[in-house]
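# Per-entry structural report
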Amino acid sequence: MNAPIVVHRSAPSGGRAVTINGEIAGLAHDDRDLVEFLRRAGIYDAEHCLDDPHWIEWRGGRAHRYEAA
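Attention in this report is confined to the structure presented alongside it. Since the model is a prediction, treat every value here as computed from it, not as a measurement.

The rules behind the values
Residues numbered from 1 in each chain as written. Predicted model: local features only at pLDDT ≥ 70, side-chain atom pairs only at ≥ 80, totals over all residues. Heavy atoms only, no water. Salt bridge = Lys/Arg side-chain N within 4 Å of Asp/Glu carboxyl O. Helix = DSSP H or I, 4+ residues; strand = E, 2+ residues; numbered from the N terminus. Buried < 20%, exposed > 50% of the residue type's maximum accessible area, 1.4 Å probe, protein only.

### As for the pattern of salt bridges
- Per the stated rule, a full pass over the model turns up 5 salt bridges.
- Here E36 and R39 are joined by a salt bridge, their closest N and O atoms 2.6 Å apart. Pair noted here: E36 and R39 are both in helix α1 (residues 31-40), with a separation of 3 residues, about one helical turn.
- With relative accessibility at 26%, the residue E36 sits in the partly exposed group.
- R39 gets classed as partly exposed once you look at its relative accessible area, which sits at 37%.
- With its nearest N and O atoms 3.0 Å apart, the salt bridge here joins E36 to R40. Here R40 and E36 lie together in helix α1, a separation of 4 residues that amounts to about one turn.
- Within this structure, E36, R39 and R40 form a network of salt bridges that share partners.

Here it is, written out as structure tokens:
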């Protein structure tokens, strides 16, 4: 089973695109942005999901890193 949330590789200008169930949620520049996107999607305990591979897949870079590529 694939994780429903994907944090994609860093953009050249910084930040990482976030998709939830294949839908674009936004461009996160830090974990606070990511948590807000998850909260808006109805995941209210989002802080506890950030390191759970069943919830989030970090692609193209290390988890919690958002600087420019």
